[in-house]
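Observations on the three-dimensional arrangement
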Amino acid sequence: MHTCSPYPPSVLSVACASARITQAACVLLTLCLPATQSAAGGRCEEAPVDVIAASSDERHVACSAAGDALALLGRCGISLRRPLRVEIVRQVRHPLSKSTIFGLFDTRLETVFIAEEASIPALVAGTPYSDLPGRDFYRSLIVHEVVHGVMHQNVRRPPTSHAAYEYPAYALQIASLPSSVRTRFLQSIPNNADQGAGVFNDIILLIDPFFFAARAYAHFSASDGCSHLAALLQGEVAFIPALPP
Ligand SMILES: [Zn+2]
């Protein structure tokens, strides 16, 4: 257990790709590698990412997904400035609610923590993610957290809202899904065609993270998404309301 606070109070320091909880917060997590299994670790061949996992299969998936995240960000000229650490652990818990979550990025440790794949079906139950192929979704949530890690390494001025923090991660998470899977997810989101302003704010993110994710992808893809990411690294973008520091 540890704490951290590199961002202003309005933007806490980790991101949680949770089915029900999107609020960022400092880290309080349970790291439980199975005691009887030996960890598989080391630098990925695909990317300057160091993965710790309980099996070589988990390590392979994490390396592959991290490579996808770096490729998506690379199209926008955004890359790692130093190696990133990814740990696949038995369970990750939200620091406030104590509920189990998909994963998070710890800014102080510069480490992505992802719940093991076997734990995901229970976490997605009752959400739009439950209809997606498990491995495809699992890879996408690793992409989500790795995007947080890479953006963190490049940020000039931390965002003041959760929405500004989550927009890149959700947009590229959905972008990383295979086309047919992405279409299935987008079609499962009611009112996804809503192009109205005011979608990208912390209230929508909290109430309906699936809608936020779908809209972030659509917005990113239909506009100059890379320019949005570049602007977010410098501070804010016009379509996401800034919050008082
Ligand atoms: Zn996130």
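Here's what I pulled together on the structure shown here. All residue numbers refer to positions counted from 1 along the written sequence of the respective chain. Per-residue local features are limited, in this predicted model, to residues with pLDDT of at least 70; the limit for side-chain atom pairs, both in listing and counting, is 80 or more; totals at the level of whole chains, interfaces and linings are taken over all residues.

**Considering the packing of helix H4 (residues 162-176) against helix H8 (residues 225-234)**
Axes are the key here: two packed helices are described by the angle between their axes and the distance separating the axes. Where H4 meets H8, the closest approach of the two axes is 10 Å, and the angle between their N-to-C directions is 145°. With respect to the hand of their crossing, H4 and H8 are arranged in left-handed fashion. Across the interface between the two elements, Ala164, Tyr167, Pro168 and Ala171 from H4 touch Gly225, Leu229 and Leu232 from H8. Here the nonpolar group is Ala, Val, Leu, Ile, Met, Phe, Trp, Tyr, Cys and Pro; Asp, Glu, Lys and Arg are the charged ones; every other residue, Gly included, is treated as polar. The residue inventory of the contact of H4 with H8, partitioned by class, reads six nonpolar, one polar and no charged. Helix axes are fitted to C-alpha atoms over the stretch in contact, other axes to C-alpha atoms as well, and angles between N-to-C directions run from 0 to 180 degrees. A run of DSSP states H or I qualifies as a helix once it reaches four residues; a run of E qualifies as a strand once it reaches two. Both are numbered from the N-terminal end. With the far helix as reference, a near helix turned anticlockwise by less than a right angle produces a left-handed crossing, and one turned clockwise produces a right-handed crossing. Our contact criterion uses C-beta atoms placed from the backbone: two residues qualify when those atoms are within 7 Å.

**Section: the pairing of strand E2 (residues 40-43)**
DSSP-based pairing: two strands are paired if at least 2 bridges between them are found. Pairing analysis gives four bridges linking E2 to strand E3 (residues 49-53), with the strands arranged antiparallel. In the sheet register, Arg43 faces E3, and the bridge partner there is Asp50. Counting the residues that bridge the hairpin from E2 to E3 gives five residues.

**Description of the nonpolar core**
As a rule of thumb, nonpolar side chains are buried together in soluble globular proteins. Only buried residues count toward a nonpolar core: Ala, Val, Leu, Ile, Met, Phe, Trp, Tyr and Cys, linked into one set through C-beta atoms within 7 Å. Any residue with 12 or fewer other C-beta atoms within 10 Å of its own C-beta is exposed, any with 20 or more is buried, and the rest are partly exposed; the C-beta atoms used are placed from the backbone. If you look at the biggest cluster of nonpolar residues, it comprises 67 residues, and the most contacted ones within it are Ala62, Ala66, Ala69 and Val146. The element that contributes the greatest number of residues to this core is H4, accounting for ten residues. Ignoring sequence-local partners within four residues, the contact set of Ala66 consists of Cys44, Glu46, Ala47, Val49, Val86, Ile142 and Val146.

**Here's the deal with helix H7 (residues 209-222)**
Each residue after the first adds 1.5 Å to the expected span of a helix. Here H7 contains 14 residues, and its C-alpha end-to-end distance of 20 Å stays within 8% of the 20 Å for a straight helix at 1.5 Å per residue. Those residues of H7 lying buried are Pro209, Phe212, Ala213, Ala214, Arg215, Ala216, Tyr217 and Phe220.

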